[in-house]
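# Inside the fold
Each chain is listed here by its residues.
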Amino acid sequence: MSKSKIKIEGQKWGSERVRADRTDELYKDIPEGGTLMTIDGLRVVYVTDDSETVAVDSFSLDVKKGELISIVGPSGCGKTTILRCIAGLLQPTEGTVKIGDKACTSPGSDRGMVFQDFALFPWRTVKQNVKFGMEIAGVPKDEQEERAMRYIKAVGLEKFADSRIHELSGGMKQRVGIARALVMHPAVILMDEPFGALDAQTRNIMQEQLDKIIVHSDRTIIFVTHSVDEALYLSDRVVILTKRPSTIYKVIDVPWPRPRDRANPEFTKLRKQILEYLELQNVMED
Amino acid sequence: MSLNYDEHNKYHRFARMVLITIVSLAVFVCLWWVVSKLANNAAIPEPMETFEALFSLIVNGDAVTGLSLSTYVWSSLNKFLRGFALALVVALPLGLILGNFKLVREFTSPWIEVLRPIAPIAWAPIFILLFGYVQGATFVVFVGIFFPMLTNIIFGVSKIDRVLVDASKTLGASNLQIFTKVLIPSTVPYLMNGIKVGLGIGWMCIVAAELYATPLGGIGFYVANMITYGAFPQAYAGIIVIAVLGLLTTGLAEYISKRVSRRMGMDVRCLRARSR
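Residues numbered from 1 in each chain as written. Chains lettered and ligands numbered in written order. Predicted model: local features only at pLDDT ≥ 70, side-chain atom pairs only at ≥ 80, totals over all residues.

### Quick notes on the overall build of chain A
What counts here: Per the convention used, a helix needs a DSSP run of H or I reaching at least four residues, while a strand needs a run of E reaching at least two, with both numbered from the N terminus. As a reference, a globule follows 2.2 Å times the number of residues to the power 0.38, and the radius of gyration itself is taken over C-alpha atoms. Between the buried cut of 20 or more and the exposed cut of 12 or fewer other C-beta atoms within 10 Å of a residue's own C-beta lies the partly exposed class, and all C-beta atoms are placed from the backbone.
When helices and strands are tallied, chain A shows seven helices and 10 strands. Taken over C-alpha atoms, the radius of gyration comes to 19 Å for chain A, in line with the 19 Å a tight globule of 286 residues would show. C-alpha atoms of chain A, sized along the principal axes, occupy 60 × 45 × 40 Å. Looking at chain A as a whole, 43% of its 286 residues qualify as buried.

### Observations regarding the overall build of chain B
The criterion, for reference: Whether two residues are in contact is decided by their C-beta atoms, placed from the backbone, lying within 7 Å.
When helices and strands are counted, chain B shows 10 helices and zero strands. Listed N to C, the secondary structure of chain B is α-α-α-α-α-α-α-α-α-α in terms of helices and strands. Projected onto its principal axes, the C-alpha coordinates of chain B cover approximately 70 × 65 × 30 Å. With 276 residues in all, chain B has 37% of them scored as buried. Within chain B, contacts between residues separated by at least 24 positions form 70% of all contacts whose residues are at least 6 apart in sequence.

### Considerations on the packing of helix α2 (residues 126-137) of chain A against helix α3 (residues 141-154) of chain A
The geometry of a pair of packed helices is captured by two quantities: the angle between their axes and the separation between those axes. All names here are of chain A. The test is simple: Only the stretch in contact is used when fitting a helix axis, every axis being a line fitted to C-alpha atoms; angles between N-to-C directions are given from 0 to 180 degrees. Roughly parallel means an angle under 35 degrees; roughly antiparallel means over 145; roughly perpendicular covers 65 to 115; every other angle is labelled oblique. In a left-handed crossing the near helix is turned counterclockwise from the far helix by less than a right angle, and in a right-handed crossing that turn is clockwise. For this scheme, ten residues count as nonpolar: Ala, Val, Leu, Ile, Met, Phe, Trp, Tyr, Cys and Pro. Four count as charged, namely Asp, Glu, Lys and Arg, and the remainder, Gly too, count as polar.
Look at α2 against α3: their axes get within 9 Å of each other, and the N-to-C directions meet at 125°. Viewed along their axes, α2 and α3 adopt a mutual orientation that is oblique. For the crossing formed where α2 meets α3, the hand is right-handed. The segment α2 lies against α3, with V126, K127, V130, K131, M134 and E135 engaging Q144, R147, A148, Y151 and I152. Classifying every residue of the contact of α2 with α3 gives six nonpolar, one polar and four charged.

### Thoughts on the interface of chain A and chain B
Contacts between the two partners involve 23 residues from chain A, matched on the other side by 15 residues from chain B. For the side of chain A that touches chain B, the elements supplying multiple residues, two or more each, are β6 (111-114) and α2 of chain A. For the side of chain A that touches chain B, the element with the highest residue contribution is α2 of chain A, accounting for four residues.

### A closer look at the sheet that holds strand β10 (residues 248-253) of chain A
All names here are of chain A. Convention followed: Strand pairing requires that DSSP identify at least two bridges connecting the strands.
With mixed pairing, the six strands of this open sheet are ordered in space as β6-β7-β8-β3-β9-β10. Each edge of the open sheet is held by one strand with a lone partner, namely β6 and β10. Across the sheet, the axes of successive neighbouring strands diverge by a mean angle of 20°, strand direction being ignored. Note: strand β3 (residues 68-72) against strand β9 (residues 237-241), four bridges, orientation parallel. If you follow V72 over to β9, its bridge partner there is I240. Along the sheet, helix α4 (residues 170-182) contacts β6 and β7 (188-192); its crossing angle with β6, the most-contacted strand, is approximately 180°.

### Examining the sheet that holds strand β2 (residues 52-64) of chain A
All names here are of chain A. Ordered by their spatial adjacency, four strands build an open sheet running β2-β1-β4-β5, and the pairing between neighbours is antiparallel. The open sheet has two edge strands, β2 and β5 (102-103), and neither has a second partner. The pairing of strand β1 (residues 35-47) with β2 spans nine bridges and is antiparallel. Along β2, the bridge assignment pairs Y46 with T53. The strands that helix α1 (residues 79-87) touches are β1, β2 and β4 (94-99); relative to β1, the one it contacts most, it runs at about 120°.

### A word on the nonpolar core
To keep it simple, the criterion reads: As used throughout, a nonpolar core is a set of buried Ala, Val, Leu, Ile, Met, Phe, Trp, Tyr and Cys residues joined through C-beta atoms within 7 Å of each other.
Core analysis: the biggest nonpolar cluster contains 134 residues, and I222 of chain A together with V140 of chain B have the highest contact counts within it. If one sorts the elements of this core by residue count, helix α5 (residues 124-158) of chain B sits on top with 17 residues. When residues no more than four places from it in sequence are discounted, the contact partners of V140 of chain B are P120, I121, W123, A124, F127, C205 and A209 of chain B.

### A few points about the environment of V215 of chain A
Residues and elements named next belong to chain A. Looking at where V215 falls in the secondary structure, it is placed in helix α5 (residues 200-215). Under the C-beta neighbour-count criterion, V215 is labelled exposed, with 10 such atoms within 10 Å. Distance in space between the C-alpha atoms of V215 and P259 is 8.7 Å, their sequence separation being 44 residues.

### Considerations on helix α6 (residues 162-170) of chain B
The periodicity of an α-helix, 3.6 residues per turn, causes residues three or four positions apart to be oriented the same way. Those residues of α6 of chain B that fall on the buried side of the exposure criterion are L164, D166, A167, S168, K169 and T170 of chain B. Elements that come into contact with the buried residues of α6 of chain B comprise α1, β6 and α2 of chain A together with α7 (175-212) of chain B. Just beyond α6 of chain B, the residue with positive phi is G172 of chain B, at close to 95°.

### What about the pairing of β7 of chain A?
Residue and element names in this part refer to chain A. In terms of burial, β7 is a largely internal element, five of the five residues being buried. Residue alternation in β7 divides its side chains into two sets, V188, L190 and D192 and I189 and M191, and both sets are buried. Alignment of β6 against β7, held across four bridges, turns out to be parallel. Along β7, the bridge assignment pairs M113 with L190. Sheet topology places β7 next to strand β8 (residues 221-224); four bridges connect them, and they run parallel. Following the sheet pairing, L190 is matched in β8 by I222.

### Thoughts on the environment of I20 of chain B
Residue and element names in this part refer to chain B. Position of I20 relative to the elements: it lies in helix α1 (residues 10-39). On the basis of neighbour count, I20 is assigned to the exposed category, with 10 C-beta atoms found within 10 Å. Sequence separation between I20 and S70 is 50 residues, and the spatial gap between their C-alpha atoms is 31 Å.

### With respect to α3 of chain A
For clarity, the threshold we go by: Under the convention used throughout, the expected extent of a helix is 1.5 Å for every residue step, that is, one less than its residue count.
Taking 1.5 Å per residue, 14 residues should reach 20 Å; α3 of chain A reaches 20 Å between its end C-alpha atoms and fits that length. Taken together, the buried residues of α3 of chain A touch α2 and α4 of chain A.

### A short note on unusual backbone geometry
Residues apart from glycine generally show negative phi values, whereas peptide bonds are mostly found in trans. Residues and elements named next belong to chain A. With an omega of -10°, the peptide bond running from R244 to P245 counts as cis. Put simply, R258 and P259 share a cis peptide bond, and its omega is -5°. The topology assignment puts P259 in the loop between β10 and α7 (265-285). Non-glycine residue E193 carries a positive phi angle of around 40°. Structurally, E193 is set in the loop between β7 and α5.

### Observations concerning the confidence of the model for chain A
All names here are of chain A. Basically, it comes down to this: One number per residue, pLDDT, summarises how confident the predictor is, and it ranges from 0 to 100.
In this model, chain A carries an average pLDDT of 83, and 92% of its residues clear a pLDDT of 70 or more. Here residues 1-5 scores under 50 on pLDDT; set against residues more than four positions off or in separate chains, the count is four contacts. Low pLDDT, under 50, characterises residues 10-17; the stretch is placed with five contacts to residues that sit more than four places away or in other chains.

This is the structure in structure tokens:
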């Protein structure tokens, strides 16, 4: 493949071919709030030599375009497993994941991912990390530079564009991770406990920043977290999982405008309610 | 006078190290002197005689053959560098392939495990027969460097951070792109470690090969030659030259590998545990 040629996302979408670095354009005809992703009957069984563990069972969910949907559940349930299935990093035993009409069976740039432990390339600078996906897609050099800098500015790291990863704090690292996912304009962004490795204060700041990014875009995000507070602060819908085998216990709509006030009585009431649901899960198991 | 040693001061630490090294070497020379006196044997010359011979070797060269020290050193170094380059060129792609493809690794592992424990010098007679004196030595060095380099690269590939592979997959990377853009860069610190270990072993191999087969020339030949003439101080002077050159090569390799790892944002401390 020559350098100047831009990689085309494998499948044809109608008569149109869309670049791998702008897969969100594939689904521009789907209106805001329309179903973008369909997860149907997901089941994951881990087989070891002498036992079978059902990690996830009959998990079905329609993800609407432009929403942030978070998945919470008791620790050790299959939150991350579900996300890895959606990303294509793990093959579910049963069930399908579709974006629009396209089945997602292997990883692709249409599902960007932000990892809990950042997963940044230590031998690359901040800017080079953000450019990685565009390099893969064969985006022209000057466009790479322009887009990378735009997103590095968006996450407030323009002073650190040429820094190496080990020179950054945890919060800064995850901002690089977010910029690296956003810059590819994926159809869906998957976030696997992105702020789990950060201290409480940094975590709040990061939540506020992510909130700002959501408000100013029509990004579709699936967000896995173990923090109910975080889920309520950020999401349009909260999916509560049961203990293993994980399945949906309840889906809660969070209709409040952004930015949200964590001290609001409604907020605290709903948080308490969700925590009780989670507590119930633990009791049921015992 | 009070000496306040500060552990956190870089210069204090350096001064301490230098002081300890000097005292240590001085004690070593004293012990050497005592042993030479007690043994009273020509095969263990006194330190002063040896240093005189060393000085004469550096200034006047070899009195027997009339060759200068630099000729000897260059002759050894030349063979050494060829063997090293050959090992690098073969071990790097092979290590990446073996590390990456389980079946190939499992299939070839018996070969490697059979060949690896053989002392490189044991190959010398065969290699000299096959490739002649000069190239034969190159191949002895090659064998010495090849295996530590290969195992370090294979180890490096196995130590690749799976999360980085996942991340590059979600950014659309193909298997080939993962290989070139993730696997190769993340193996570099391990490769450097392999080079470091290989250099030390390679240096031993070249000198051993020269001692074994004197027509190979080089600094090992000088030592062997001096021993045949019974010129032990001169032989010991040659041994000191070998030691210093060995220290320089491994020191240089250590420095480069540290710089590279730091530049690539990878910690060397965790790698050093498995350097041998």
